[in-house]
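# Residue-level structure breakdown
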There are 2 protein chains.
Amino acid sequence: MKEAYLAIVEKTLDEVMPGALERPAELSEAMRYAVGTGGKRIRPLICLASAVAAGGRAEDARYPAAAIELLHNYTLVHDDLPAMDNDTERRGRPSVWAKYGEANAILVGDALQALAFKAAAMAPRNVGRIVAELAAAGVGVVQGQIEDIAAGEKDIPFIYRHKTADLFMAAAVMGALAGGGDDRAVESLRAYALNLGLAFQFEDDLLDGDSPYGREETERRVRDATAAALAALEGLPGDSSPLAALAQSLVGRKK
Amino acid sequence: MKEAYLAIVEKTLDEVMPGALERPAELSEAMRYAVGTGGKRIRPLICLASAVAAGGRAEDARYPAAAIELLHNYTLVHDDLPAMDNDTERRGRPSVWAKYGEANAILVGDALQALAFKAAAMAPRNVGRIVAELAAAGVGVVQGQIEDIAAGEKDIPFIYRHKTADLFMAAAVMGALAGGGDDRAVESLRAYALNLGLAFQFEDDLLDGDSPYGREETERRVRDATAAALAALEGLPGDSSPLAALAQSLVGRKK
């Protein structure tokens, strides 16, 4: 099922991205470079699987799934900039600014964000609510990043909630809405994704060997958040087993 | 009428912007600084007046009007960055990066773009089409900017069309759609705004004393584009006199 979902994601990303010949060609090329191919695509998988769990079809959510991946990738392009994390590599390749220059990287990120909303607006139903969820995540992820780079003591729960969990929540809620889920399904999937996002972030800290809470406490938090994510899947109208499998696969994952 | 429209724009911008106490406070403050108050607000005025010309009410278009102003202001914040135009001043005050730092300015622009789509999604009808128009303009403005900063010979018509006219067109079309205009009204207003945007850009060149077409030819183009904008207003179902007045006021305007 995961391979079928990934095929939907890649096909839809390819469809909404500008063609190689679209002007200016360097923008199209750099946007495709930024989004890449064959990544893990965790957020779009959550989106498609949430449509199914809410009682719809994975295909219903293919445009919102592309949208959340575009939004995620724009944030990576901007995070890597010299004025931000100053990273010259991403996924074993030069980062976008290292390859295309700083001005182009700012603009590529900007265009990817606009394209994310173009994709979200192509959802088959509930477009207004879907766009509003994506926009809330788009503001939230910046709130988290500003808090993260600010001087002084950091508010870790605020940062994790916004920098990481907001995109997971938007993915799940947009999927549920695109799949025609009712409000109860939408809120169950929001709770699932909030906890999945936190578990993902705590696990990331363990993989980096750098957790603000210490190793033992962080392992406990991964377990608790994963259990809460799984519990939130109870009583959904559709098949939630792909979402359960996704939650279980994140624990103890490799980078 | 212009004052009543401006009051709607400022009230709606204030409503959709994060409150002064919303966390992180420096993000909220910098976003409000970037958008300012009391500017000319040409694009949102076009949006409100287009709703009226299409047969609706100005209030119908207040969220799309705020959306286009937010999108416009994010592009200014990013254009001013050191990696782009490296401008330390804007509207007689320090530019956003000069006041809040480069990383914060990148993020403030990013958040303003997301907020623009949040506002667009609050339109009273035709939300999917309205968001799609704003997203197309969001991609288009980057296409124009990339072409503008690229080395080598520049394609001036492409740059003017995308860097300037795309936002004018999105303003008019979103307003027409929010006001319930039919497809004929929407396309008339798109033609109006394309020509108005070109006239605005040519006039800007004259004001800067720096036109790629030379003074005389540029003056001719201002007149022709203004005439084409006015001609496009024929046969609209609502009152198009505010749009006509706007087109006439741009010719020979001051900076």
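Before reading further, recall that the structure is shown in the block above.
Everything quoted here is computed from the prediction, not taken from an experiment. (Residues numbered from 1 in each chain as written. Chains lettered and ligands numbered in written order. Predicted model: local features only at pLDDT ≥ 70, side-chain atom pairs only at ≥ 80, totals over all residues. Heavy atoms only, no water.)

A few words on the overall build of chain A. Across its full length, chain A carries eleven helices and two strands. Here the C-alpha radius of gyration of chain A, 18 Å, is about what a compact globule of 255 residues would show, namely 18 Å. For the C-alpha atoms alone, the extent of chain A along its principal axes is close to 50 × 45 × 30 Å. Sorting the 255 residues of chain A into buried and exposed places 60% on the buried side. Here the analysis covers contacts within chain A between residues at least 6 apart in sequence; of these, 71% occur between residues at least 24 apart. Only carbon and sulfur atoms are counted for the fraction: they give 50% of the accessible area of chain A, which is about 9,800 Å². In chain A, which carries 28 positive and 37 negative side-chain charges, the distance between the mean positions of the two groups comes to 4 Å. (Helix = DSSP H or I, 4+ residues; strand = E, 2+ residues; numbered from the N terminus. Rg over C-alpha atoms; globule rule 2.2 N^0.38 Å. Buried < 20%, exposed > 50% of the residue type's maximum accessible area, 1.4 Å probe, protein only. Contact = heavy atoms within 4.5 Å. Areas by Shrake-Rupley, 256 points an atom, 1.4 Å probe, with all protein chains shown as cover. Lys, Arg positive; Asp, Glu negative; His and termini not counted. Charge placed at Lys NZ, Arg CZ, Asp CG, Glu CD.)

You can overlay chain B on chain A at an RMSD of 0.0 Å; the transform is a turn of 180° with a shift of 0.0 Å along its axis. These values place the two chain copies in the arrangement generated by a two-fold rotation axis. Of the interface residues in chain B, 100% have counterparts in chain A that sit at the interface too, so the contact is made through matching surfaces. (Least-squares fit on C-alpha atoms with pLDDT ≥ 70 in both.)

With that settled, the discussion passes to the packing of aromatic side chains. Aromatic ring pairs are reported here in terms of the distance separating the ring centres and the angle at which the planes meet. All names here are of chain B. Per the counting criterion, the structure on display carries nine aromatic pairs over all chains. With a centroid separation of 5.6 Å and an interplanar angle of 75°, the aromatic rings of tyrosine 33 and tyrosine 100 are classed as edge-to-face. Placement of the pair is tyrosine 33 in helix α2 (residues 25-35) and tyrosine 100 in helix α5 (residues 96-100), with a sequence separation of 67 residues. Assessed through its relative accessible area of 17%, tyrosine 100 is described here as buried. With a centroid separation of 6.0 Å and an interplanar angle of 75°, the aromatic rings of phenylalanine 202 and tyrosine 213 are classed as edge-to-face. Here phenylalanine 202 is found in helix α9 (residues 183-208), whereas its partner tyrosine 213 is found in the loop between α9 and α10 (215-231), with eleven residues between them in sequence. Taking the relative accessible area as the measure of exposure, phenylalanine 202 reaches 7% and is therefore buried. Owing to a relative accessible area of 24%, tyrosine 213 belongs among the partly exposed residues under this scheme. (Phe/Tyr/Trp six-rings, centres within 6.5 Å; stacked < 30°, edge-to-face > 60°.)

For the rest of this paragraph, the subject is the interface of chain B and chain A. In this complex, chain B contributes 39 residues to the contact, which on the side of chain A involves 39 residues. For chain B, the biggest contributors to the area lost against chain A are Arg23(B), Leu107(B) and Ile146(B); these three give 18% of the whole. In this structure, the connection of chain B to chain A is made through two salt bridges. Across the pair Arg23(A) and Asp155(B) runs a salt bridge whose closest N-O atoms are separated by 2.7 Å. Our count for the contact surface shared by chain B and chain A stands at eight residue pairs in polar contact (both at pLDDT 80 or more). (Buried area = accessible area lost by both parts, 1.4 Å probe. Salt bridge = Lys/Arg side-chain N within 4 Å of Asp/Glu carboxyl O. Polar contact = N/O pair within 3.5 Å; in protein donor to acceptor, adjacent residues only side chain to side chain.)

Moving on, we come to the packing of helix α8 (residues 156-178) of chain B against α9(B). All names here are of chain B. At a minimum axis distance of 8 Å, the contact between α8 and α9 shows a crossing angle of 145°. As α8 packs across α9, the resulting crossing turns out to be right-handed. On the side of α8, the interface is formed by Tyr160, Arg161, Thr164, Ala165, Phe168, Met169, Ala172, Val173, Ala176 and Leu177, while α9 contributes Val186, Leu189, Arg190, Ala193, Leu194, Leu196, Gly197, Leu198, Phe200, Gln201, Phe202 and Asp205. The class makeup of the residues in the contact of α8 with α9 is 16 nonpolar, three polar and three charged. (Axes fitted to C-alpha atoms, helices over the stretch in contact; angles between N-to-C directions. Left-handed = near helix turned anticlockwise from the far one by under 90°. Nonpolar A, V, L, I, M, F, W, Y, C, P; charged D, E, K, R; others polar.)

The relative placement of two packed helices is expressed as an angle between their axes plus a distance between the axes. Residue and element names in this part refer to chain B. Their axes nearest at 7 Å, the elements helix α3 (residues 42-53) and α8 cross at an angle of 30°. By the angle between their directions, the pair α3 and α8 is classed as roughly parallel. The hand of the α3/α8 crossing is right-handed. Only Leu167, Phe168, Ala171, Ala172, Met174, Gly175 and Ala176 of α8 make contact with α3, whose side of the interface consists of Ile42, Arg43, Ile46, Cys47, Ser50 and Ala51. Split into classes, the residues belonging to the contact of α3 with α8 amount to ten nonpolar, two polar and one charged. (Parallel < 35°, antiparallel > 145°, perpendicular 65-115°, else oblique.)

The tally for this structure, following the rule as stated, stands at 38 salt bridges over all chains. Its salt-bridge partner being Arg90(B), residue Asp80(B) comes within 2.9 Å of it at the nearest N-O pair. Note that Asp80(B) is positioned in the loop between α4 (62-79) and β1 (89-90) and Arg90(B) in strand β1, a separation of ten residues in sequence. Overall, Asp80(B) belongs to the buried group, its relative accessible area being 2%. Linked through salt bridges whose partners overlap, the residues forming this network are Lys11(A), Glu15(A), Glu59(A) and Arg62(A).

All names here are of chain A. As for its placement among the helices and strands, proline 44 is situated in helix α3 (residues 42-53). As a C-alpha pair, proline 44 and isoleucine 68 span 24 residues in sequence and 6.3 Å in three-dimensional space. The residues contacting proline 44, other than those within four sequence positions of it, are Val9, Ala65, Ile68 and Glu69.

A few words now on unusual backbone geometry. Excluding glycine, a negative phi dihedral is what most residues carry, and trans is how most peptide bonds are arranged. Cis geometry marks the peptide bond from Arg23(A) to Pro24(A); its omega dihedral reads -15°. One can find Pro24(A) in the loop between α1 (2-16) and α2 (25-35). Here Arg91(A), not a glycine, exhibits a phi torsion of approximately 55°, which is positive. One non-glycine residue, Asn126(B), lies in positive phi territory at about 55°. Judged by relative accessible area, which is 30%, Asn126(B) ranks as partly exposed.

Ranked by size, the top nonpolar core spans 182 residues in total, and within it Leu70(A), Leu112(A), Tyr192(A), Leu70(B), Leu112(B) and Tyr192(B) carry the most contacts. Beyond its immediate stretch of four places on either side in the chain, Leu112(A) contacts Met17(A), Met31(A), Ala34(A), Val35(A), Leu70(A), Asn73(A), Tyr74(A) and Val77(A). (Core = buried A, V, L, I, M, F, W, Y, C linked by side-chain atoms within 4.5 Å.)

Residue and element names in this part refer to chain B. Taking 1.5 Å per residue as the helical rise, α8 with its 23 residues ought to reach 33 Å, and the 32 Å between its terminal C-alpha atoms agrees with that figure. The largest bend in α8 is about 50°, located at alanine 165. Across the 23 residues of α8, 19 count as buried, placing the element largely inside the fold. Of the residues that open α8, the one with a side-chain oxygen 3.2 Å from the backbone nitrogen of phenylalanine 158 is aspartate 155. Glycine 180 occupies a position one or two residues after α8 and carries a positive phi of about 80°. (Expected span 1.5 Å × (residues − 1). Bend = angle between axes of the 7 residues up to and from the residue.)

All names here are of chain A. Secondary-structure assignment places asparagine 73 in helix α4 (residues 62-79). When its relative accessible area of 1% is taken as the criterion, asparagine 73 is described as buried. What asparagine 73 contacts, discounting residues up to four positions off in sequence, is Ala34, Val35, Arg41, Arg91 and Leu112.

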